[in-house]
Amino acid sequence: MTTIALASRLDLSQVTPLATALRGAAGADLVLDASAVTHLGGLALQVLASAAKSARQAGTSLIITPRSEAFDDALAVFGVTAADLQTGEAA
């Protein structure tokens, strides 16, 4: 299982590095550590949603744990839950 620590500010400046990291881990079971996230922008959320879709299609797991309160709050603002972005259960 591969773990990727997400940047604290997932804004426009982090979209390309995030997408690159997720593409590099394609095909592997993946844990995203969102514990340091203080800001989640819409484009970064789209990248995460795309990664979740790709993981579902590939039959791999994508888990987001641990998650900061700010990350969960941002998801709620967008009308999304962590379960919408995950393809398995957190261990």
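Here, the structure is the one placed above.
To start, this report covers the structure provided alongside it.

Conventions we followed
Residues numbered from 1 in each chain as written. Predicted model: local features only at pLDDT ≥ 70, side-chain atom pairs only at ≥ 80, totals over all residues. Heavy atoms only, no water. Helix = DSSP H or I, 4+ residues; strand = E, 2+ residues; numbered from the N terminus. Buried < 20%, exposed > 50% of the residue type's maximum accessible area, 1.4 Å probe, protein only. Pairing = 2+ DSSP bridges. Axes fitted to C-alpha atoms, helices over the stretch in contact; angles between N-to-C directions. Parallel < 35°, antiparallel > 145°, perpendicular 65-115°, else oblique. Left-handed = near helix turned anticlockwise from the far one by under 90°. Contact = heavy atoms within 4.5 Å. Nonpolar A, V, L, I, M, F, W, Y, C, P; charged D, E, K, R; others polar. Arc of directions from axis to C-beta.

Before going further, it helps to spend a moment on the environment of Val-80. If you trace the backbone, Val-80 turns up in the loop between helix H3 (69-78) and helix H4 (82-85). For the pair Val-80 and Leu-45, spaced 35 residues apart in sequence, the C-alpha to C-alpha distance is 9.4 Å.

Burial analysis of strand E3 (residues 30-34) places 4 of its 5 residues in the buried class, which makes it a mostly covered element. Of the pairings in the sheet, the one linking strand E1 (residues 2-5) to E3 comprises 4 bridges and is parallel in character. Paired with Thr-2 across the bridge in E3 is Leu-30. As paired elements, E3 and strand E5 (residues 62-67) share 4 bridges and run parallel to each other. Each bridged residue has a counterpart across the sheet, and for Leu-32 the counterpart in E5 is Ile-64.

Here we take up the sheet that holds E1. Reading across the sheet, the 3 strands line up as E1-E3-E5 and stay open at both edges, with parallel pairing between neighbours. The open sheet is flanked by E1 and E5, the only strands paired with a single partner. In this sheet, adjacent strand axes meet at a mean angle of 25° when their direction is disregarded.

Here we come to the packing of helix H1 (residues 12-24) against helix H2 (residues 42-58). The relative placement of two packed helices is expressed as an angle between their axes plus a distance between the axes. One can describe the packing of H1 onto H2 by two numbers: an axis separation of 9 Å at closest approach and a directional angle of 15°. As judged from the angle between their axes, H1 and H2 are roughly parallel. Viewed along their axes, H1 and H2 form a crossing whose handedness is right-handed. Contacts from Leu-12, Val-15, Leu-18, Ala-19 and Leu-22 in H1 reach Leu-43, Ala-44, Val-47, Leu-48 and Ala-51 in H2. Here the contact of H1 with H2 is composed, by residue class, of 10 nonpolar, no polar and no charged.

Quick reminder: α-helices carry 3.6 residues per turn. Residues three or four places apart thus point the same way. Where H3 is concerned, the buried positions are Phe-71, Ala-74 and Leu-75. Buried positions in H3, seen along its axis, are confined to an arc of 100° and lie on one side of it. Away from its buried face by more than 90 degrees, H3 exposes Glu-69, Ala-76 and Val-77. Check the buried side of H3 and you find it contacts E3, strand E4 (39-40), H2, E5 and H4. Looking one or two residues past H3, Gly-79 carries a phi angle of roughly 75°, positive in sign.

By themselves, these are just geometric observations and shouldn't be taken as functional.
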